[in-house]
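Here's the letter readout for the chains.
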Amino acid sequence: MAMSSEGRFAGRGRILFWQIAVAVICLLTWHILTATKILDPFFFATPLGVIERTWKDFASGVIWRHLGVTLLETVLAFAIGSAAGVALGFWFARRAMAAAVFDPYIKAANALPRVVLAPIFALWFGLGIWSKVALGVTLVFFIVFFNVYQGVREVSPTVLANARMLGMNDRQLLRHVYMPSALSWVFSSLHTSVGFALVGAVVGEYLGATAGLGYRIAQAEGVFDVVGVFSGMLVLSAFVVAIDAFVSVIERRLLVWRPESAAAASAQGLGGNG
């Protein structure tokens with residue numbers, strides 16, 4: 001068990017090494033192309049310039065307010081959209097008649113271009129955070145909803161029949177059968193929807209706002225500050241990676257019943273006892 005644990009950590013180390021290596025290779029390629037003028041630095045900036053600008057923004061504190069606004073909008077959109085998607089996904093999956101009636105309306109709503117909705121939300125909710133939250137919710141909700149709906153419907157009829165034979169009521173079925181079956185689908189959708197929650201916030205800020213990372217990027221574009229634009233995109237990318245890592249931590253804690261998670265927990269426990 002100890003050896004398998006060591007092998008697992010070694011595997012993670014190799015993955016981390018190659019992830020860093022890919023980033024370094026991309027930065028070096030970008031630097032060489034701009035240094036040799038193959039790519040015009042005016043239009044593509046330089047990696048050193050972008051990193052320097054990002055460092056100065058954080059050191060001076062100018063970016064913290066904008067980062068906080070975007071973080072709040074993203075978290076609210078992610079939380080509200082995910083909660084609504086999970087709740088309605090479970091409900092429709094267990095109500096075949098309601099699902100059949102509302103199916104065309106849900107698909108029609110999902111087909112609406114979100115960019116078209118952004119000005120409408122700005123008109124309804126103003127230029128504050130709630131218009132951005134509303135836009136993010138429309139992106140997150142449908143991703144989570146369809147995954148949860150499919151996850152609940154994928155429950156094995158045999159498992160359901162056996163659970164009913166054991167005398168489980170609807171609440172027990174929901175807790176012990178439907179939820180474990182759908183959790184993998186839920187977290188799969190959450191990893192995707194994190195980025196879309198941020199996209200909704202940033203697009204809303206880009207179209208009209210007084211603060212936020214999208215607002216800063218729009219301001220930089222307005223004065224042809226390419227370094228500022230790339231710096232904003234770098235912060236956004238790091239932002240998404242950090243939130244996704246947080247979702248992964250929660251996923252590992254909640255899905256310990258999965259074979260790979262159970263094996264990992266067992267290996268750690270036996271290793272500690274040894």
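Overview of the structure. (Residues numbered from 1 in each chain as written. Predicted model: local features only at pLDDT ≥ 70, side-chain atom pairs only at ≥ 80, totals over all residues. Heavy atoms only, no water.)

### Quick look at the overall build of the protein
When helices and strands are tallied, the protein shows 12 helices and 0 strands. Along the chain direction, N to C, the helices and strands of the protein fall in the order α-α-α-α-α-α-α-α-α-α-α-α. Sorting the 274 residues of the protein into buried and exposed places 36% on the buried side. Partitioning the intrachain contacts of the protein with sequence separation of at least 6 by distance along the chain shows that 74% fall at a separation of at least 24. (Helix = DSSP H or I, 4+ residues; strand = E, 2+ residues; numbered from the N terminus. Buried < 20%, exposed > 50% of the residue type's maximum accessible area, 1.4 Å probe, protein only. Contact = heavy atoms within 4.5 Å.)

### Looking at a nonpolar patch on the surface
Together, Ile 80, Val 116, Ile 120, Leu 123, Trp 124, Phe 125 and Trp 130 make up an exposed nonpolar region whose accessible area comes to about 780 Å². Take the nonpolar patch: its biggest share by element is 5 residues, from helix H6 (residues 114-125). Checked against the element boundaries, Trp 124 lands in helix H6. (Patch = residues over 30% accessible without salt bridge, like charges linked within 9 Å, V, L, I, M, F, W, Y side chains within 5 Å. Areas by Shrake-Rupley, 256 points an atom, 1.4 Å probe, with all protein chains shown as cover. Salt bridge = Lys/Arg side-chain N within 4 Å of Asp/Glu carboxyl O.)

### With respect to the packing of helix H4 (residues 62-93) against helix H10 (residues 213-222)
At a minimum axis distance of 7 Å, the contact between H4 and H10 shows a crossing angle of 125°. If you check the angle between H4 and H10, you find them oblique. Listed contacts from H10 to Val 62, Ile 63, His 66, Leu 67 and Thr 70 of H4 are Leu 213, Tyr 215 and Arg 216. Tallied by class, the residues present in the contact of H4 with H10 amount to 5 nonpolar, 2 polar and 1 charged. (Axes fitted to C-alpha atoms, helices over the stretch in contact; angles between N-to-C directions. Parallel < 35°, antiparallel > 145°, perpendicular 65-115°, else oblique. Nonpolar A, V, L, I, M, F, W, Y, C, P; charged D, E, K, R; others polar.)

### As for the pattern of salt bridges
A full pass over the atoms with the stated rule returns 4 salt bridges. Among the salt bridges present, the one from Glu 52 reaches Lys 56, with a minimum N-O distance of 3.4 Å. Here Glu 52 pairs with Lys 56, and both are found in helix H3 (residues 47-60), just 4 residues apart, close to one helical turn. Salt-bridge contacts for Asp 103 lead to Lys 107; the nearest nitrogen and oxygen are separated by 3.3 Å. Taken together, the positions of Asp 103 and Lys 107, both in helix H5 (residues 96-111) and 4 residues apart, correspond to about one turn of that helix. Judged by relative accessible area, Lys 107 falls into the partly exposed class, the value being 48%.

### A word on the packing of aromatic side chains
Counted according to the given criterion, the structure contains 15 aromatic pairs. Between Phe 17 and Trp 18, the ring centres sit 5.2 Å apart and the planes meet at 75°, which makes this aromatic pair edge-to-face. Trp 18 sits in the exposed class, given a relative accessible area of 55%. Ring centres of Phe 121 and Trp 124 lie 5.9 Å apart, and the angle between their planes is 65°; on these two criteria the pair is classed as edge-to-face. Of this pair, Phe 121 and Trp 124 are both found in helix H6, 3 residues apart, which corresponds to roughly one turn of the helix. An aromatic cluster of at least three residues, connected via ring pairs, comprises Trp 91, Phe 92, Phe 102, Phe 141, Phe 142, Phe 145, Phe 146 and Tyr 149. (Phe/Tyr/Trp six-rings, centres within 6.5 Å; stacked < 30°, edge-to-face > 60°.)

### So, the nonpolar core
One recurring pattern in soluble globular proteins: nonpolar side chains tend to sit buried together. Judged by nonpolar contacts, the single largest core of 42 residues is most densely connected at Phe 92, Val 152 and Leu 190. For this core, the secondary-structure elements that each account for two or more residues are H4, H5, helix H7 (129-153), helix H9 (170-207), H10 and helix H11 (226-254). Among the elements that take part in this core, H9 stands out by supplying 12 residues, more than any other. What Phe 92 contacts, discounting residues up to four positions off in sequence, is Ala 98, Ala 99, Phe 102, Ile 106, Phe 145 and Tyr 149. (Core = buried A, V, L, I, M, F, W, Y, C linked by side-chain atoms within 4.5 Å.)

### Topic: the packing of H4 against H7
The packing of two helices is summarised by the inter-axis angle and the distance between the axes. At a minimum axis separation of 6 Å, H4 and H7 run at an interaxial angle of 35°. The two elements H4 and H7 meet at a crossing, and its hand is right-handed. Looking at the contact of H4 with H7 residue by residue, the class counts come to 23 nonpolar, 5 polar and 3 charged. (Left-handed = near helix turned anticlockwise from the far one by under 90°.)

### What to know about unusual backbone geometry
Glycine aside, the phi torsion of most residues is negative, and most peptide linkages are trans. One non-glycine residue with positive phi stands out, namely Ala 45, at about 55°. Mapped onto the elements of the fold, Ala 45 is located in the loop between helix H2 (41-44) and H3. Despite not being glycine, Phe 224 has its phi angle at roughly 60°, a positive value. By secondary structure assignment, the location of Phe 224 is in the loop between H10 and H11.

### Considerations on the side chain of Glu 205
Checked against the element boundaries, Glu 205 lands in helix H9. No salt bridge forms around the buried Glu 205; measuring N to O, its nearest opposite-charge neighbour Lys 132 is 7.0 Å away. Beyond its immediate sequence surroundings of up to four residues, Glu 205 is in contact with Val 69, Thr 70, Glu 73, Lys 132, Ala 211, Gly 212, Leu 213, Gly 214 and Tyr 215. (Lys, Arg positive; Asp, Glu negative; His and termini not counted.)

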